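# Observations on chain architecture
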Amino acid sequence: MRHAPFWATMEATARTLPYDSQGMGDTMSCRPLSADRRQSVTIPVLVGSGDPSRVPSRS
């Protein structure tokens, strides 16, 4: 992976991970947002899923 073209960018932003983690709280520990927090989101979001399904995309 260190030879991949994106490695330098990942390495340059790695120092921000502790701050990202602090801001994201438990959601970076694979704990989903509570229903009340999800309902308070008022802007469009793109949600990625780690489901191993063979379906190429879902909506």
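Report on the accompanying structure. (Residues numbered from 1 in each chain as written. Predicted model: local features only at pLDDT ≥ 70, side-chain atom pairs only at ≥ 80, totals over all residues. Heavy atoms only, no water.)

### Remarks on the overall build of the protein chain
Helix and strand counts for the protein chain come out as 3 helices and 0 strands. Helices and strands in the protein chain line up, N terminus first, as α-α-α. The proportion of buried residues among the 59 residues of the protein chain is 0%. Entry remark: accessible area of the protein chain is about 6000 Å², with carbon and sulfur atoms responsible for 57%. (Helix = DSSP H or I, 4+ residues; strand = E, 2+ residues; numbered from the N terminus. Buried < 20%, exposed > 50% of the residue type's maximum accessible area, 1.4 Å probe, protein only. Areas by Shrake-Rupley, 256 points an atom, 1.4 Å probe, with all protein chains shown as cover.)

### Re the environment of Ser34
Along the chain, Ser34 falls in the loop between helix H2 (17-24) and helix H3 (35-39). What makes Ser34 partly exposed here is its relative accessible area of 34%. Among the polar contacts listed, one links the side chain of Ser34 to the side chain of Asp36, at a separation of 2.4 Å. (Polar contact = N/O pair within 3.5 Å; in protein donor to acceptor, adjacent residues only side chain to side chain.)

### What about H2?
Counting buried positions over the 8 residues of H2 gives 0, only a small fraction of the element. Positioned one or two residues after H2, Gly25 has a phi angle of 65 degrees, which is positive.

### Details of a nonpolar patch on the surface
A surface patch of nonpolar side chains, about 410 Å² in accessible area, is lined by Val41, Ile43, Val45 and Val47. With respect to the element layout, Val45 can be found in the segment after H3. On the basis of relative accessible area, Val45 is assigned to the exposed category, the value being 58%. (Patch = residues over 30% accessible without salt bridge, like charges linked within 9 Å, V, L, I, M, F, W, Y side chains within 5 Å. Salt bridge = Lys/Arg side-chain N within 4 Å of Asp/Glu carboxyl O.)

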